[in-house]
Structure formats: C-alpha cells, structure tokens
Amino acid sequence: MKRAAAKHLIERYYHQLTEGCGNEACTNEACGSSPGFQRMDNNAAAIKALELYKNNAKLCDPHPSKKGASSAFPENSAKGALNFSACSNGKMNHKDLQPAREDFRDLNFLTEEKVYEILSLCGETEDYSPLIRVIGRVFSSAESLVQSFRKAKQHTKEELKSLQAKDEDKDEDEKETASGSSTAMEVEPEASASSGDGPSHGENNVQKFDPVEVSVDIDAVRRVYDRLLSNEKIEAAFLNALVYLSPNVECDLTYHNVYATDPNYLNVFIIVMENSNLHSPEYLEIALPQFCKAMSKLPLPALAKLAWLWSQYGTDQIRRLVETFQQLITYTVISNEFSSENLVNEDDGVVAATKCLKIVYYANVLGGDLDTGHNEEEDDEPIPESSELTLQELLGEERRNKKGPRVDPLETELGIRASDCRKPLIPFEEFINEPLNDVLEMDKDYTFFKVETESKFSFMTCPFILNPVTKNLGLYYDNRIRMYSERRITALYSLVQGQQLNPYLRLKVRRDHVIDDALVRLEMIAMENPADLKKQLYVEFEGEQGVDEGGVSKEFFQLVVEEIFNPDIGMFTYDESTKLFWFNPSSFENEGQFTLIGIVLGLAIYNNCILDVHFPMVVYRKLMGKKGTFRDLADSHPVLYQSLTDLLEYEGNVEEDMMITFQISQTDLFGNPLMYDLKESGDKIPVTNENRKDFVALYAEYMLNKSVEKQFKAFRRGFHMVTNESPLKYLFRSEEIELLICGSRNLDFQALEESTEYDGGYNKDCRIIKDFWETVHSFGQEQKRLFLQFTTGTDRAPVGGLGKLKMIIAKNGPDSDRLPTSHTCFNVLLLPEYSTIEKLRERLLKAITYAKGFGML
C-alpha cells in the first residue's frame, strides 16, 4: 500500500506540473496553472515530481472549472487508493456534467459501447474532460487495460463443445465482476459493459499453426482508436497515459512475473500497439521507447504468442507495426551521434525497438507462405573431429562450439525457421534499417555476439535488421578470428609436439593440372585433419612468382570452377535455356569428388572469394536444410515445370487423354533411357484427375532430391566441413548465400568510379584519369568483366555492388609502351601516364584481354 500511495502522489505531482490544477489564479509555484510557472518537458517534469514528493511539497486540488482538460488526474486512478473529492467550493459551469463525472469515477475498464456513451455525453456539453480522465485512468493502468475491450472470440465447433460447460459458470463470475466483488483479470466484464458474454482465454500454451485466441476484441479497439485519435486533446491523454503505464509494466514483468500468473496480461501490449499514431514524433521521444523496453521484458512464451497473433493480421497491419519500430530506430539513430565511443548497442531505445521488431519479423514469417516440411535429413556421419588438440583442450578448457550453430530462442519456441518461409507477408528487405547499419561498429558488435552476455546487446542476434554488406562484414570477422585461432593452435601444438609449424592451408598447384593437384591435396587434408581447412588459404602456382595476399587465391578458385563445371567432365548438367548447372544423377565421379567441390565452395566463403558458379536457388535452399519441391522446378527445370503445371490445370480426362503412369523415364550420359517408378509398380498405376497432384509432388521429389541424393549429400558434407562452426546459416537467407558465393551480377561502374582512390600523384581531376574512366565506361559488358578480372581477380561485384570495392589507381611512370599491371590482392591498378586516350585504350584492352599468370614486379 505504501508503494501504491507513493506512486499515486508522484503521478499527481507530475500532472500538476504538466497540466496544472485548472485554477488560473493558483499561487502554487509548482503548479502548471500558476501565472509565473516555467513550462518544462516531460522528462524534466518527471524528475521535478520526484523532488516534490521527497520534499512533501504542496499539492493543488484540481479546479472543476478547467474546461476540456487534456488529462485525467490521478484521483480517479484504477484502484482508488487515494480518492480526493472534487473541489467543493468551486462553481460548475455545466451543472449537468457533475453527475456524469461521478458515474465515471468508478469505471475501471472500458468497452467500445462505454467509450461511445461517454463520447456522446461529452459531445453534448462540448467538454471532453470526463472522457480524457477515463482514458488517462484506464490506459495508464495495466490492470484496467487487461480487463478492457473484452469479447468472446468465434470458436471452432470443437472449441465450442469444450467451452459450453464453462459458459454457465461464467455468467455468475461476470455478475460478481459487475458488483466489484471480483478482481480476477481472466473474468469477462459484465454483459452491459461489454460487447458480449463468453469464455475467458487464460491458457498459457500456444498451439503451433492453430489460430491464437485472445480475450481482446481487436476490431473494437481499432474502431475506438479511429474515433478518438482525431481529437488532439484526447490523443494527448493516450500519450500521457502510455508514459505512466510503461515503467510499471516493465517493473511487473521484470520482478513480479505477471504473465505466468495471468496470460491475459498480454492484452496490454495488444491494445497499445493498435494505436496508429505510435510512430508520430510525440511518441518517439519518451513514450514509445519506454513501452518497447517493457515489451522486450515479456517472457519467451508471451513473445511467441504475440508473434502468432500478429501473424493473423493482414499485410497492412504488419507493415504498420514494422514502420512503428523502424521509425523509432531511425529517429534515435539520426538524433544522436553514435561512434566507437558512443555505441548504438548501448542505446536502450534502439535495442528494445529491435527486439520488438523481431516479434513482427517472425509474425511476418508465420503469416507468409510456409513450408515447414520438406527438410533435408542431417548427415548420417558426423563431420570428423580434428586429430589435433584444440587450443581450448590444450589449455584444459572445453570446446565452446560443440553444441552446433546458434539458433534464435524465439525461433525454437515457435517451431519454425525463417528458411521455412517461401514468401513473407511483406518483403524481408523492409526490416533492414540502413541508418542503423551506417552507424553500427561491426567489430564491437561481433565481439558482443561471441561473448553472449546479457549486458551487451549484439545486432547480429537480429540479423533481419542488417543488410548483406554488414552481415558479410560480421562473417568476415568470424572467419578471420577463426583463422588466427587455428594459427595460434598450430603454433602451440608445434611447441608441445615438436612438429613443423604449418599455420596455413597451403596448396601448390600446376596451372595445367589445377584440379588434379588441388583436389588430391584437399582430399588428403579432409581425411587426415579437417581442422586444417579452417586455416587461411595460401595458393602457389608452380613456376610463378606471385605471393598470395588474396589475388592468387581468387584466380585459383576461378580456374577450379571453370574445370569442375566443364560439361565434358560430366559432374554437372547444363541447361542452355536457364544457363544453370544441376547435379548429374548418372555421373561417373565418386562421392568424394562432390565432397571436394563442397569444400571448394566453403573455402571461397571462408576466404572471402567470389565464385562464378551458376546454381538454381534450390541448391542454396538445400544447403540451408530445405528439400526441393515442385515450385523449385520453375527455376531449375523450367520446361518440366511448365509440363507439370499444364497437367495440373488440364480440364479434360487426364487418364484417357494423356495415358501416363507413375513410371517416368530419364536418360543417362549416353542417351540411354532409365525407367524409375515413383510408386511401387508405378507402370501399372495410371495418372488420373484425382491423383495428379500426388504424381507431380513425387516427380519433383525425385528430380530434386532422390535422383541426386548421393551427390548432394557429399557436396553438402564438404561444404559443412568448412562452415559447420560459422554463423553463416544464422545470419543469411538462401538468396543471400547465393549473393555471398557468387557476388552481384549488377556491374555499376559509376559507383566504382565514385569509390575509387588514387595514389602516386594521380587524382580524379587528372587528364589521364578522366580519359581512363571515359574509356572504361565505353567498354561493352564482356570487356568490363575482363577489366574487373584483370584488376580484382574476379569478374563479379562483391556483396553490396561495385561501390563497396575499394580500387586504387596508382601512377606507374610517365608515358611509355608498358602495359598496365595490377595487384589483384589489393585491387590496385598500376597505370602509366599515357599521352593520348587512344593509346590508353589500346594498351588497356591488350592488358585485360591477354592477362594470365602472376609475376614479381
């Protein structure tokens, strides 16, 4: 009681400072109605209210003649802990209003009908203060909000049967509530003050994929907001009430575990988040950040239930929720100067809003086109452990990552993964906040991500808000630190065992036998000590002087990819119409060869190299753990997809007109037909109008999964040998994995020009530089790719486009007949100062067309 009384008094002081007592002749210096009072913002008023409470300062009684007051005074608070009568000496301007105010004094919850009743009375007198006071009282109290706007939801027949018995008991409980004898928050308000009788919903378990039922009439809440928010004075009451509400709710959730006691406590968040003005500037300063902090304190089951509820909303409502939290994040980031000393990770408002945005993200996934089945089976054989001791084991510590890759707790609670979503309600890109990405110190954020302490928040735990460039930087840090760790382990191991120090993954290959040399070496490493694959790659071409600082590795990967995907080898088939490769189900190569190809793909990501590979998206989905389905055929086998689509849409008699069975025919490398039964004795089972969907599903299952099962499992196994401890699957979606491996196909040379730096006496205004860019921009697409290959070691743009590529053009002497040269490791182009643009073009074209091999300059 002491705590409640103290809170009540502080609220009164705050109202007195912000709204005043209504007496224009008030002599209290700490009252907003006093003629000499200096106005203050809400923060300052809150601090001053605490001081006044500590000093037991004078409190004014509210003046009854304050017409249209914009806020409710705490004497009408939820539980009536301290009830003060209205000023008895004041004269009322509206005699008929006094009884109405008395009637509403004990109103501790709201219904749609009651709001409209009060609104109608206020409209007659043109005095909205009674409604404002009621809103201030109810919307500033969690207990009152929990009981407000209750309505029995429509149930399924099964649910109705199970709840019929409860309805009779419910009526008695509601009568008790109406008389004020019951305080149980699960009980529905009386029928006259509610929109209907019905059962309560206090269950604290969310059944996956079933509609989530809550005791709030959400449509009624939306109608009420639509009616009231158009009035500025009433809107201010919502704002002020939210400022009072949020700290108390945060305290309840943090220290009192109220959700476990009453799951209907979630109603508070459901009702408040329906306010369509939350993203407006007035809320962004104090009210919304405080409310987000309170919401972020919800326990995991409550977060999951909220995500399930919001997933039932439409696209417009999801987008409104996203914009609300994004607006707060953007506003806070722009309003502050974040740096390495003042980290955005330490801003409570941004962190809380990001955590709330995660709820909407999973609601967006749940409400989209889900495919929760069709998951790839885990590898039967575990990835072999290193034969060497790890650094942790040498120091007597356990290995930290033995539990496997990180999984988001909310994802686990919901029983779904982001990769299960084929098409979300709104595009995933709308969750990315670019201003946040611009100020995020990724090195610090990665540290917080690895340490996993509650005191330090990492935005890498909410990867949906990060763009691919930022996530790629986080992955780069992870890979580099792992490389350095392997290097230290090797050094320590060599000291303990007295063996030769070998800190790198060294590959010495002959340019003409790159596949034989590289794959044999990688196969030996994969068998003997897979941990060596996580060392930094160092490639040396036999007979060449190039030192690998990244550029030699780039060319190595390009040569390997060209050889592996050569159709003559027969490991992959090539579709001329899609320009894509697919696993050859009748390849003569053993599984070990496909494992090595997976290793090469993993090494490219691990060493930050871009590969010119052309796989359909289903390959990346399968790498992320999802099987291929019928819709994936549109990308990988478009002709077959169209044929099966025609079969599904055929309006005639399929059995008589098409005469096909559940046996299909494929051809091997030599063109010989191979028969396969989709069902047992499939050649005897005709495809009919009734079973054609089954036929299509089995056909797709065979083409994308069963026919290439051995090849793909080996390929995936090799890929995971390198990436199994990486946060790759946690951070990236399937389409982003493709971008990571293949780079961007969009070559924006204008962005490259803007990001290029100059050295050796050149600058962007030099004649030779202007001639250079004029020449490059005039190149065709193929010549531009050759130029990129010559300068950077790859003809693809990195994640984020060419604007993220830091190229340097340096002066390489005066005019001469020398060709331009490059350091592909560092993206440096050495350019002599040619006398004419014609000579520049001729020399540059010759250099990029015939460039192959490395030498020392």
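Residues numbered from 1 in each chain as written. Predicted model: local features only at pLDDT ≥ 70, side-chain atom pairs only at ≥ 80, totals over all residues. Heavy atoms only, no water.

**Examining the overall build of the protein chain**
And step 1. Secondary structure summary: the protein chain contains 36 helices and 12 strands in total.
And step 2. Counting over 857 residues, the protein chain shows a buried share of 52%.
And step 3. At a minimum sequence separation of 6, the contacts of the protein chain that also span at least 24 residues come to 75%.
And step 4. Just so you have it, the protein chain exposes about 40,200 Å², and 48% of that area is on carbon and sulfur atoms. (Helix = DSSP H or I, 4+ residues; strand = E, 2+ residues; numbered from the N terminus. Buried < 20%, exposed > 50% of the residue type's maximum accessible area, 1.4 Å probe, protein only. Contact = heavy atoms within 4.5 Å. Areas by Shrake-Rupley, 256 points an atom, 1.4 Å probe, with all protein chains shown as cover.)

**Here's the deal with the side chain of Thr18**
And step 1. Topologically, Thr18 is positioned in helix 1 (residues 2–18).
And step 2. Relative accessible area serves as the criterion here: at 19%, Thr18 is assigned to the buried category.
And step 3. Excluding its chain neighbours within four sequence positions, the residues that come into contact with Thr18 are Arg39, Asn42 and Ala45.

**Let's talk about empty space enclosed by the protein**
And step 1. Summed over all chains, the structure comprises six cavities of 30 Å³ or more.
And step 2. Reported here for the second largest cavity is a volume of approximately 80 Å³.
And step 3. What lines the second largest cavity is Phe139, Tyr225, Phe238, Ala241, Leu242, Leu245, Val272, Asn275, Leu278 and Tyr283.
And step 4. Broken down by element, the residue count for the lining of the second largest cavity peaks at four residues, all from helix 9 (residues 232–256). (1 Å grid on protein atoms, 1.4 Å probe; cavity = no way out; pocket = protein on both sides within 12 Å on 5 of 7 lines; lining within 4 Å. Points joined across faces, edges and corners; volume = space filled by probe spheres on them.)

**Things to note about the packing of helix 9 against helix 13 (residues 287–295)**
And step 1. Look at helix 9 against helix 13: their axes get within 8 Å of each other, and the N-to-C directions meet at 20°. By the criterion of interaxial angle, the relationship of helix 9 to helix 13 is roughly parallel. Note that helix 9 runs across helix 13; the crossing there is left-handed. Two secondary-structure elements touch here, helix 9 through Leu239, Leu242, Val243, Ser246, Pro247, Val249, Glu250 and Leu253 and helix 13 through Ala287, Gln290, Phe291, Lys293 and Ala294. (Axes fitted to C-alpha atoms, helices over the stretch in contact; angles between N-to-C directions. Parallel < 35°, antiparallel > 145°, perpendicular 65-115°, else oblique. Left-handed = near helix turned anticlockwise from the far one by under 90°.)

**Looking at the pattern of salt bridges**
Any two side chains of opposite charge can pair, on the condition that their charged atoms come close.
And step 1. Enumeration according to the criterion identifies 34 salt bridges in this entry.
And step 2. A salt bridge links Lys627 to Glu701, with the nearest nitrogen and oxygen atoms 3.9 Å apart. Taken together, the residues span a long stretch of sequence, with Lys627 in the loop between helix 25 (617–623) and helix 26 (633–636) and Glu701 in helix 29 (residues 692–706) at a distance of 74 residues.
And step 3. Residue Glu701 is classed as buried on the basis of its relative accessible area, which comes to 17%. (Salt bridge = Lys/Arg side-chain N within 4 Å of Asp/Glu carboxyl O.)

**Re a negative patch on the surface**
And step 1. A contiguous patch of negative charge, built from Glu655, Glu656, Asp657 and Glu690, is present on the exposed surface.
And step 2. Positionally, Asp657 belongs in helix 28 (residues 654–658). (Patch = residues over 30% accessible without salt bridge, like charges linked within 9 Å, V, L, I, M, F, W, Y side chains within 5 Å. Lys, Arg positive; Asp, Glu negative; His and termini not counted. Charge placed at Lys NZ, Arg CZ, Asp CG, Glu CD.)

**Topic: the nonpolar core**
And step 1. Phe139, Phe269, Met295, Trp310 and Phe556 are the most contacted members of the largest nonpolar core, which has 188 residues in total.
And step 2. Per-element tally for this core: the top contributor is helix 16 (residues 348–366), with 13 residues.
And step 3. Ignoring sequence-local partners within four residues, the contact set of Phe556 consists of Leu507, Val509, Val514, Ala518, Leu537, Val539 and Phe541.
And step 4. Among the nonpolar cores identified, the runner-up in size contains 27 residues, and Leu752, Tyr762, Leu802 and Leu829 belong to it. (Core = buried A, V, L, I, M, F, W, Y, C linked by side-chain atoms within 4.5 Å.)

**A look at the pairing of strand 3 (residues 505–509)**
Working note: regular strand, side chains alternate between the two faces of the sheet.
And step 1. Here strand 3 shows a buried face lined by Leu505, Leu507 and Val509 and an unburied face lined by Arg506 and Lys508.
And step 2. When strand 3 meets strand 4 (residues 537–541), the two strands line up parallel, connected through five bridges. Each residue of the ladder has a partner; that of Lys508, found in strand 4, is Glu540.
And step 3. Since strand 3 and strand 4 lie parallel, the crossover through helix 22 (residues 514–528) that links them has a hand, and here it is right-handed. (Pairing = 2+ DSSP bridges. Right-handed = clockwise from strand over helix to strand, strands pointing away.)

**Re unusual backbone geometry**
And step 1. Positive phi, close to 60°, is recorded for Glu126, a residue that is not glycine.
And step 2. Mapped onto the elements of the fold, Glu126 is located in the loop between helix 4 (112–125) and helix 5 (129–139).
And step 3. One non-glycine residue with positive phi stands out, namely Lys579, at about 60°.
And step 4. Positionally, Lys579 belongs in the loop between strand 5 (572–575) and strand 6 (580–583).
And step 5. Overall, Lys579 belongs to the partly exposed group, its relative accessible area being 46%.

**Points about helix 8 (residues 218–228)**
And step 1. Residues of helix 8 that are buried: Ile218, Ala220, Val221, Val224, Tyr225 and Leu228. An end-on view of helix 8 places all buried positions within 160° of arc, on one side of the element. (Arc of directions from axis to C-beta.)

**What to know about the packing of aromatic side chains**
And step 1. What the rule picks out here adds up to 39 aromatic pairs.
And step 2. Three or more aromatic residues joined by ring pairs form one cluster here, namely Phe565, Phe572, Tyr574, Phe581, Trp582, Phe583, Phe594, Phe615, Tyr620, Phe712 and Phe715.
And step 3. Directly above the aromatic system of Tyr313 lies the positively charged group of Arg222, at a separation of 4.6 Å from the ring centroid.
And step 4. We note Lys622 situated over the ring of Phe712; from NZ or CZ to the ring centre the distance is 4.5 Å. (Phe/Tyr/Trp six-rings, centres within 6.5 Å; stacked < 30°, edge-to-face > 60°. Lys NZ or Arg CZ within 6 Å of the ring centre and 35° of its normal.)

**Brief notes about the sheet that holds strand 11 (residues 821–823)**
And step 1. Strands sit in the order 9-10-12-11 across an open sheet of four strands; the sheet is mixed. Here the strands that pair on one side only, and so sit at the sheet edges, are strand 9 (757–759) and strand 11. When the angles between neighbouring strand axes are averaged without regard to direction, this sheet yields 25°.
And step 2. Relative to strand 12 (residues 828–831), strand 11 is paired through three bridges, and the arrangement is antiparallel. The residue bridging Thr821 from the neighbouring strand is Leu830, located in strand 12.

**Concerning the confidence of the model for the protein chain**
And step 1. Residues of the protein chain with pLDDT of at least 70 account for 81%, and the chain-wide mean is 80.
And step 2. Contacts from residues 64–103, a stretch scored under 50 in pLDDT, to residues over four places away or in other chains number 82 contacts.
And step 3. Under a pLDDT of 50 for its full length, residues 385–403 has, in the predicted model, 29 contacts with residues more than four places off or in other chains. (pLDDT = per-residue confidence, 0-100.)

**A short note on the environment of Gln536**
And step 1. For Gln536, the location among the structural elements is in the loop between helix 22 and strand 4.
And step 2. Between the alpha carbons of Gln536 and Arg506 there is a distance of 8.4 Å; along the sequence they are 30 residues apart.
And step 3. Ignoring sequence-local partners within four residues, the contact set of Gln536 consists of Arg480, Met483, Arg487, Tyr504, Leu505 and Asn607.

**Describing the environment of Ile605**
And step 1. Tracing the backbone through its elements, the reader meets Ile605 in helix 24 (residues 591–606).
And step 2. Linking Ile605 and Tyr476, residues 129 residues apart in sequence, is a C-alpha distance of 8.9 Å.

**What to know about the side chain of Asn607**
And step 1. Take Asn607: it is sitting in the loop between helix 24 and helix 25.
And step 2. Among the polar contacts made by the side chain of Asn607, one reaches the main-chain amide nitrogen of Leu537 at a distance of 3.1 Å.
And step 3. Apart from the residues within four sequence positions on either side, Asn607 is in contact with Arg480, Met483, Gln536 and Leu537. (Polar contact = N/O pair within 3.5 Å; in protein donor to acceptor, adjacent residues only side chain to side chain.)

**Some thoughts on helix 27 (residues 638–649)**
And step 1. Over its 12 residues, helix 27 extends 16 Å from the first C-alpha to the last, a length consistent with the 16 Å expected when each residue adds 1.5 Å.
And step 2. Inspection of helix 27 places Leu640, Leu644, Thr645 and Leu647 among the buried residues, and these make up the whole buried set. Seen end-on, helix 27 carries its buried residues on one side only, within an arc spanning 155°. Opposite the buried face of helix 27, by more than 90 degrees, sit the exposed residues Val639 and Glu649. (Expected span 1.5 Å × (residues − 1).)

**Let's talk about the packing of helix 13 against helix 16**
And step 1. Interhelical geometry of helix 13 versus helix 16 gives an angle of 55° and a closest axis separation of 8 Å. Relative to helix 16, helix 13 is oriented oblique. Along this stretch, helix 13 crosses helix 16, giving a crossing that reads as left-handed. Touching Pro289, Cys292, Lys293 and Met295 of helix 13 are Asp348, Gly349, Ala352, Ala353, Cys356 and Ile359, all from helix 16.
And step 2. Looking at the contact of helix 13 with helix 16 residue by residue, the class counts come to seven nonpolar, one polar and two charged. (Nonpolar A, V, L, I, M, F, W, Y, C, P; charged D, E, K, R; others polar.)

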